[in-house]
Amino acid sequence: MTEAMFEDSHSNGSDDSAVDIADVMQKMAEHKGCGTEGGSGKASCGSSGGPEDMPPEIWEKVKNHPCYSEEAHHHYARMHVAVAPACNIQCNYCNRKYDCANESRPGVVSERLTPEQASKKVLAVASTIPQMTVLGIAGPGDPLANPGKTFETFRLISEVAPDIKLCVSTNGLALPDWVDEIAKYKVDHVTITINMVDPEVGQHIYPWIFWENKRLTGYEAAKILTERQLLGLEMLTERGILAKINSVMIPGINDKHLVEVNKAVKSRGAFLHNIMPLISAPEHGTVFGLNGQRGPTAQELKALQDECEGDMNMMRHCRQCRADAVGLLGEDRSAEFTTDKIMAMEVNYDSAGRKAYQEAVEAERLAKVAAKQDELDGLEKAGDMKILVAVATKGHGIINEHFGHAKEFQIYELSQTGAKFVGHRRVDLYCQGGYGEEDALETVIKAINDCHAVFVAKIGGCPKADLTEAGIEPVDQYAHEFIEKSALVWFKDYLDKVESGEIVHADRGDAAIRQGALISEAG
Ligand code: CLF
Ligand code: SF4
């Protein structure tokens, strides 16, 4: 499939809606609490926003996109199809044997698909997982370095499953050339990975780019890359396409500079900024892995996200997922949908059934929000206190995972303003083959060491004692209840105990971000 073939009749409609949305974005920028203040003004309400924070048209676009709405990510799933193998740049955190590390953890290899296989896979997943609402192309290379395969996949899917939102992630080098095609296929969500806006910084991240049939290196390469990324972002904003910016935080290289990146992307209309930790280990075989470049700690990452959040809300629920990921963001069901399995599957694309299921999800979601609202009174006594708690969950915003079965913990910050999702921590499974694994428990404690409590559906006696000894309270009395409501009830009890002198409040230490490669989560 050549790129020229996409200039013909593959349009699936006019671009009227894009014009309307551009207008809406302007209204959104003027919306209370999100007002634009010159070049560095707040441009959006970000991923933690709800329907009251943004115009209905924008809410319609983000409400069931698990990456663009933190709240949605508890309920809705995304899937990726790995149709784009080639890349046009080199990042020092990427080993080209594996997938694009911009949206995928190093050490992960995805099964490459043709657009036709990808289309069959989308139908198979949509039939099995009715809450799967978004199809993203995020690799394994750069989707826009493979425009033929990428846009043919979007075309096929928009024909067979028009209710599924389309999403693409790119390093941005080729973006300006493809913005009109992106608009034509109604791809409403575009991620650009922008790690710098200064080529002096960029030359330490990107050894080369492939540009106009030449390999360019150093400052010159980084200069072209940043110019193309920012131009692409401006072109998306002009067309009313929601743009999310991913940035990899690399301590000592771009960590301080990402505040500048945040200002630059916000002033160009980015909807959301997702600062992700560098994941780097020698076994990944990347330049950074081999030269010992470390990633940030959990608290370093949070501090930078907090600093940028003063100007623009941040995405904090990214899972740096695989180029063939399937499921809720915290899970990976890709092993259920290998090419062999999907080719053998009977596919029944039941759009009425999917709609009914999603209506039930909305009811559950409203119940969760209402439950949280009920617990907001009485938090004033927290004063300036902010504490973190970890939660074991399989999704739906409910404490429904056994401590020993958790592959990740969601982290909530509790303060006088309520319970706020601030991140997640991947861990090694504690329970292996029915037995607790002491080494794994140590890594779990390191991963949630900055938390005062861990909420679980169930926990055994041994880990309970070890967690308590480490100063992390295991809490299992809210099993199968809503996370935020339960956390707030527990927090008020904690505040009462501090007030009565029963316990002495003390700050916790830092926590580690797991660096190990995750080869397969589901297999
Ligand atoms: Fe995929 Fe990316 Fe679309 Fe999401 S992922 S293309 S915006 S549908 Fe999401 Fe995964 Fe993070 Fe990406 S959690 S790596 S931000
Ligand atoms: Fe690797 Fe993605 Fe960077 Fe390309 S853009 S070098 S695939 S991380």
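Residues numbered from 1 in each chain as written. Chains lettered and ligands numbered in written order. Predicted model: local features only at pLDDT ≥ 70, side-chain atom pairs only at ≥ 80, totals over all residues. Heavy atoms only, no water.

Going by an unreviewed UniProt entry, the chain carries the name FeMo cofactor biosynthesis protein NifB and comes from Novosphingobium beihaiensis. What the UniProt record of the chain gives under Pathway (unreviewed entry) is the line "Cofactor biosynthesis; Fe-Mo cofactor biosynthesis." (UniProt positions renumbered as here; feature names shortened; annotations may be inferred.)

Chemist: Which residues make up the sheet that holds strand β2 (residues 89–90), and what values go with them?
Modeler: The 3 strands are arranged β2-β6-β7 in an open sheet whose pairing can be described as antiparallel. Two strands close off the open sheet at either side, each with one partner strand: β2 and β7 (214–217). As paired elements, β2 and strand β6 (residues 208–211) share 2 bridges and run antiparallel to each other. Of the residues in β6, the one forming a bridge with Q90 is W208. Helix α7 (residues 218–238) rests against β2, β6 and β7 of the sheet, and its axis sits at about 105° to β7. (Pairing = 2+ DSSP bridges. Helix = DSSP H or I, 4+ residues; strand = E, 2+ residues; numbered from the N terminus. Contact = heavy atoms within 4.5 Å. Axes fitted to C-alpha atoms, helices over the stretch in contact; angles between N-to-C directions.)

Chemist: Which residues make up helix α12 (residues 351–374), and what values go with them?
Modeler: In a regular helix each residue adds 1.5 Å, so 24 residues correspond to 34 Å; α12 covers 35 Å between its end C-alpha atoms and thus fits that length. Buried residues along α12 sit against α2 (56–62), α3 (115–128), β3 (132–137) and α15 (483–500). (Expected span 1.5 Å × (residues − 1).)

Chemist: Summarise the pairing of strand β13 (residues 408–415); cite the residues concerned and give the values.
Modeler: Burial analysis of β13 places 8 of its 8 residues in the buried class, which makes it a mostly covered element. Alternating residues of β13 divide into E408, Q410, Y412 and L414 and F409, I411, E413 and S415, and every residue in both groups is buried. Note: strand β12 (residues 387–391) against β13, 5 bridges, orientation antiparallel. Bridge pairing in β13 links I387 to L414. Sheet topology places β13 next to strand β14 (residues 418–426); 8 bridges connect them, and they run antiparallel. Among the inter-strand pairings, I411 is bridged to a residue of β14, identified as G423. Here β13 folds back onto β14 in antiparallel fashion, the turn holding 2 residues. (Buried < 20%, exposed > 50% of the residue type's maximum accessible area, 1.4 Å probe, protein only.)

Chemist: Any chance you could break down the packing of aromatic side chains for me, citing the residues and the numbers?
Modeler: According to the stated counting rule, one finds 9 aromatic pairs in the structure shown. Ring geometry for Y412 versus F421: centroids 5.6 Å apart, planes at 90°, classification edge-to-face. Of the two residues examined, Y412 and F421, each falls in the buried class. Of the aromatic side chains, those joined through ring pairs into one cluster are F151, F154, W178 and Y185. Residue placement shows R215 over the ring face of W208; its charged tip is 3.9 Å from the ring centre. (Phe/Tyr/Trp six-rings, centres within 6.5 Å; stacked < 30°, edge-to-face > 60°. Lys NZ or Arg CZ within 6 Å of the ring centre and 35° of its normal.)

Chemist: Quick one: what's the story with the pairing of β6, residue by residue and with numbers?
Modeler: As judged from the 4 bridges shared by β6 and β7, these two strands associate in the antiparallel manner. Residue pairing for β7: I209 is matched across the bridge by L216. The turn joining β6 and β7, which pair antiparallel and follow one another in sequence, is formed by 2 residues; a positive phi near 50° is taken by E212.

Chemist: Which residues make up the nonpolar core, and what values go with them?
Modeler: Formed by 61 residues in total, the largest nonpolar core has its most connected members in V81, M132, L135, F154 and V190. The dominant element in this core, judged by the number of residues it contributes, is α3, at 6 residues. Those residues in contact with M132 that sit more than four places away from it in its chain are A77, R78, M79, V122, V125, A126, I164 and R354. Counting residues in each nonpolar core, the second largest holds 33 residues, with W59, M276, M315 and C318 among its members. (Core = buried A, V, L, I, M, F, W, Y, C linked by side-chain atoms within 4.5 Å.)

Chemist: Outline the sheet that holds strand β17 (residues 451–455), supporting the account with residue identities and numerical values.
Modeler: Here 5 strands make up an open sheet; going across it, the order is β14-β13-β12-β17-β18 and the pairing mixed. In this open sheet, the two strands that pair with only one neighbour each are β14 and β18 (473–475). Within this sheet the neighbouring strands show an average axis-to-axis angle of 25°, counted without direction. Its contacts with the sheet place helix α10 (residues 298–309) against β12, β13 and β14, and it is angled at close to 135° to β14.

Chemist: Kindly report on the side chain of K121, identifying the contributing residues and their values.
Modeler: You can see K121 is positioned in helix α3. D324 provides the closest opposite charge to the buried, salt-bridge-free K121, at an N-O distance of 5.1 Å. Apart from residues no more than four positions distant in its own chain, K121 is found in contact with M79, H80, V81, L113, D324, V326, F337 and I342. (Lys, Arg positive; Asp, Glu negative; His and termini not counted. Salt bridge = Lys/Arg side-chain N within 4 Å of Asp/Glu carboxyl O.)

Chemist: Account for α10, with residues named and values stated.
Modeler: For α10, built from 12 residues, the straight-helix expectation of 16 Å at 1.5 Å per residue is met to within 8% by its first-to-last C-alpha distance of 16 Å. Taken together, the buried positions of α10 are A298, L301, K302, L304, Q305, C308 and E309. Buried positions in α10, seen along its axis, are confined to an arc of 165° and lie on one side of it. (Arc of directions from axis to C-beta.)

Chemist: Describe in detail unusual backbone geometry, supporting the description with residues and values.
Modeler: Peptide bonds are trans in most cases, and residues, glycine excluded, mostly fall at negative phi. With omega at 10°, the peptide bond leading from G139 into P140 counts as cis. Non-glycine residue K186 carries a positive phi angle of around 55°. Classification of K186 as partly exposed rests on a relative accessible area of 33%. Even without a glycine there, the phi angle at H396 is positive, about 70°.

Chemist: Mind laying out the environment of L379, listing which residues take part and the relevant values?
Modeler: Within the secondary structure layout, L379 lies in the loop between α12 and β12. In this structure the C-alpha to C-alpha distance between L379 and G418, which are 39 residues apart in sequence, comes to 7.4 Å.

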